[in-house]
Amino acid sequence: RPLLEPVSLPALFTSFGLSIFAFLSTIYLVPALGPAFIKANLKGRDLLKTSDAPIPESLGLVCASVYIMTLLLFIPVAFSETFSKSPGFTREGIVVTEFPLHQLSVYLSAILSLLIATLLGFLDDVFDIRWRHKLPIPIIASIPLLMVYFAEGGNTNVVVPLPLRWLFGPLIHLGPLYYLYMSLLSTFATNSINILAGINGSEVSQAIIIAVSLILNDLLYLPWSMGFRLPIHLLGNDTEIEFGGVWRAGMAYGSKIMVERHLLSLYFMLPLVAVCSGFMYHNWFPARAFPGDTLCYFTGMAFAVVGIQGHFSKTLLLFFLPQIFNFLLSCPQLFGLVPCPRHRVPRFDKDTWLLSPSTAKLERHSQLITIILRLFSALGFVRLTTDATGRITETTNLTILNCILVRLGPMGEKQLVKTLMATQVAGSVLAFVIRYGLARMVFDG
Ligand code: UD1
Ligand code: MG
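So, here's what we can say about the structure. Predicted, not measured: the structure shown is a model, and the values here were computed from it.

Quick notes on the rules
- Residues numbered from 1 in each chain as written.
- Chains lettered and ligands numbered in written order.
- Predicted model: local features only at pLDDT ≥ 70, side-chain atom pairs only at ≥ 80, totals over all residues.
- Heavy atoms only, no water.
- Helix = DSSP H or I, 4+ residues; strand = E, 2+ residues; numbered from the N terminus.
- Contact = heavy atoms within 4.5 Å.
- Areas by Shrake-Rupley, 256 points an atom, 1.4 Å probe, with all protein chains shown as cover.
- Salt bridge = Lys/Arg side-chain N within 4 Å of Asp/Glu carboxyl O.
- Buried < 20%, exposed > 50% of the residue type's maximum accessible area, 1.4 Å probe, protein only.
- Near = heavy atom within 4 Å.
- Polar contact = N/O pair within 3.5 Å; in protein donor to acceptor, adjacent residues only side chain to side chain.
- Nonpolar A, V, L, I, M, F, W, Y, C, P; charged D, E, K, R; others polar.
- Donors = N, O, S within 2.8 Å, 3.2 Å for Na, K, Ca; no water.
- Patch = residues over 30% accessible without salt bridge, like charges linked within 9 Å, V, L, I, M, F, W, Y side chains within 5 Å.
- Expected span 1.5 Å × (residues − 1).
- Core = buried A, V, L, I, M, F, W, Y, C linked by side-chain atoms within 4.5 Å.
- Phe/Tyr/Trp six-rings, centres within 6.5 Å; stacked < 30°, edge-to-face > 60°.
- Lys NZ or Arg CZ within 6 Å of the ring centre and 35° of its normal.
- Pairing = 2+ DSSP bridges.
- Axes fitted to C-alpha atoms, helices over the stretch in contact; angles between N-to-C directions.

### Regarding the overall build of the chain
Then, in step 1: A tally of regular secondary structure across the chain gives 19 helices and 13 strands.
Then, in step 2: Relative to all contacts within the chain whose residues are 6 or more apart in sequence, the contacts with residues 24 or more apart total 74%.
Then, in step 3: Within the structure as shown, the chain displays about 20400 Å² of accessible surface, and the carbon and sulfur contribution to it stands at 69%.

Here is the structure:
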């Protein structure tokens, strides 16, 4: 197997430089374009403030545009080594001996999926698309990604944890089901951020923390980290299968392809952190701009892109622990078992400016719902109101934000978003522990 190749640092530095430019552009463009968005009727009322002043909405479109432009500008840089190896322009035109067309298709498919996600998000902002209509679109948008994954013979096996090996054997060959899983991942990544929303800074802070976590994870796989003599279990046992890492002379070596995949993820995550940070400045309490669904969709798709193209879709899911919790908690409302109001944001008290859990009224409901809600209540996720007969008449809305308020009591919006961010960071720490600590116990390391 090929040993480590040196990382092309100039490309990484260029990506970093372009990201700074993207950050500055976003910080400048968001307030500059806000009035134009209001004029185009892209505006919303801040539900958790006393003022009725319209706030420009869908500014995620500006972030997405800057982000995609940055990626487009970066594509030639990613291939700079090929350019430098080729004899250059001759009378016959440019001579390229071995162009990594496959690598190019990775970029092009990624950008295609990002564009579709941005378009969908923006359409959702303008037309308020129904859930059942917008759910399948990211699945279709992920087809280019899946084709590229297929073209390179991507892994479709799952390593079975030790305790289950007697039943399934060491590997499960998921085959086409793995493709189904990856396409569902794109829907999950795009929608799960959108349903954990509604307070200033919530959407964009989730995106930043997930992106930074992915960057830290990528750094582990670059050659310098190998120099620290990472024990092999730090790379996860499935490294062997997923990335072709090898263990030689007490050192972990990754193959060239493993480094390439994590570099690709860095090239996509650095500008994402940049545009999101630039936007966060304007979206922080009290928000002067709203992200709209556009931001949720394109950031979610960016995560799906790196998870799929970087071949670490399972690790990616670990960084979505709060979103997974929020989704599971939301299921009864998303699937219509419990009434779902248009907005599930916490209730705002005009006098104290404190937020408390918002509620949904229940009329007739099945025994199943009673069991689920009682279970949620026993776990402390919701607070229920019952009538004299003991029938549930009201529940707090099934979101992580309301859950935090049920557990910790009323608090201000800024405090709540900080608590949410702390939860997301704690989730990422847990993800690293599971991925690199527990993996050793659960898989033979
Ligand atoms: C999702 C949630 C909904 C939540 C909404 C808030 C589900 C199923 N849907 O709906 O419960 O209320 O997001 O984004 O969970 N807003 C604020 N402050 C903010 C951000 C948004 O007040 O910091 C309000 C504004 O009025 C803004 C509106 O939320 O106009 C945007 O809502 P939208 O993104 O259209 O809602 P959904 O994504 O459909
Ligand atoms: Mg939304």
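That covers the picture; the talk isn't over yet.
### Digging into the pattern of salt bridges
Then, in step 1: Scanning all chains against the criterion turns up 8 salt bridges.
Then, in step 2: A salt bridge links E413 to K49, with the shortest nitrogen-to-oxygen separation between them at 2.6 Å. Of this pair, E413 sits in helix 19 (residues 413–442) while K49 sits in the loop between strand 1 (43–44) and strand 2 (55–56), placing them 364 residues apart in sequence.
Then, in step 3: Under the relative-accessibility criterion, E413 is labelled buried at 3%.
Then, in step 4: Look at the salt bridges and you will find they share partners, linking D46, K49 and E413 into a network.

### Examining the site of ligand 1
Then, in step 1: Not every one of the 19 residues close to ligand 1 is listed here, only the nearest: R45, L47, E57, H343 and R344.
Then, in step 2: Residue R45 places a main-chain N or O atom 2.5 Å away from an oxygen atom belonging to ligand 1.
Then, in step 3: A distance of 2.8 Å is found between an oxygen atom of ligand 1 and a side-chain nitrogen or oxygen belonging to D293.
Then, in step 4: Burial of ligand 1 by the protein amounts to 92% of the accessible area it has alone, namely 720 Å².
Then, in step 5: Residue composition of the shell around ligand 1, grouped by class: 8 nonpolar, 5 polar and 6 charged.

### So, the coordination of the magnesium ion (ligand 2)
Then, in step 1: The coordination sphere of the magnesium ion (ligand 2), as far as protein atoms go, consists of N194 (OD1) and D293 (OD), spread over 2.0 to 2.1 Å. Remark: D293 occurs in helix 14 (residues 292–309) and N194 occurs in helix 9 (residues 176–194); sequence separation between them is 99 residues. In this structure, N194 and D293 share a single accessibility class: buried.

### Structural notes on a nonpolar patch on the surface
Then, in step 1: A grouping of V425, V429, L430, V433 and L438 is seen on the molecular surface, where their side chains present a nonpolar patch of about 390 Å² in accessible area.
Then, in step 2: You can see L430 is positioned in helix 19.
Then, in step 3: Given the relative accessible area of 44%, L430 is considered partly exposed.

### Notes on helix 10 (residues 202–220)
Then, in step 1: Taking 1.5 Å of rise per residue, the 19 residues of helix 10 would be expected to cover 27 Å, and the 28 Å separating its terminal C-alpha atoms lies within 8% of that figure.
Then, in step 2: Within helix 10, 15 of the 19 residues are buried, which leaves the element mostly enclosed by the surrounding structure.

### Focus: unusual backbone geometry
Then, in step 1: With an omega dihedral of -10 degrees, the bond running from F285 to P286 counts as a cis peptide bond.
Then, in step 2: In this fold, P286 is placed in the loop between helix 13 (256–283) and helix 14.
Then, in step 3: The residue N41 is not glycine, and still its phi comes out positive at about 70 degrees.
Then, in step 4: By the element assignment, N41 lies in the loop between helix 1 (9–39) and strand 1.
Then, in step 5: Positive phi, normally seen in glycine, also occurs at W353, with a value near 60 degrees.

### Focus: the nonpolar core
Then, in step 1: Counting 79 residues, the largest nonpolar core has Y67, L214, F268, M269, L272 and F303 as its most contacted members.
Then, in step 2: Considering every element that reaches this core, the biggest residue donor is helix 13, with 15 residues.
Then, in step 3: Those residues in contact with F268, other than ones at most four positions away along the chain, are Y67, L71, Y107, A110, L114, V305 and V306.

### Structural notes on the packing of aromatic side chains
Then, in step 1: Applying the stated criterion to the full structure yields 17 aromatic pairs.
Then, in step 2: For the ring pair F376 and F381, a centre distance of 6.1 Å and an interplane angle of 55 degrees mean the geometry is tilted. Per residue, the accessibility class of F376 equals that of F381, and both read buried.
Then, in step 3: In this structure an aromatic cluster arises from ring pairing among Y149, F150, Y178, Y179 and Y181.
Then, in step 4: In this arrangement the basic side chain of K134 is found over the ring face of W131, its NZ or CZ atom lying 4.4 Å from the centre.

### Looking at the sheet that holds strand 13 (residues 392–396)
Then, in step 1: Across the sheet, 3 strands lie side by side as 11-13-12; this open sheet has antiparallel pairing. The open sheet has two edge strands, strand 11 (359–361) and strand 12 (384–386), and neither has a second partner. With strand direction ignored, the average angle separating the axes of adjacent strands in the sheet is 20 degrees.
Then, in step 2: Bridge analysis of strand 11 against strand 13 gives 3 bridges, and the strand direction is antiparallel. Bridge pairing links K361 to E394 in strand 13.

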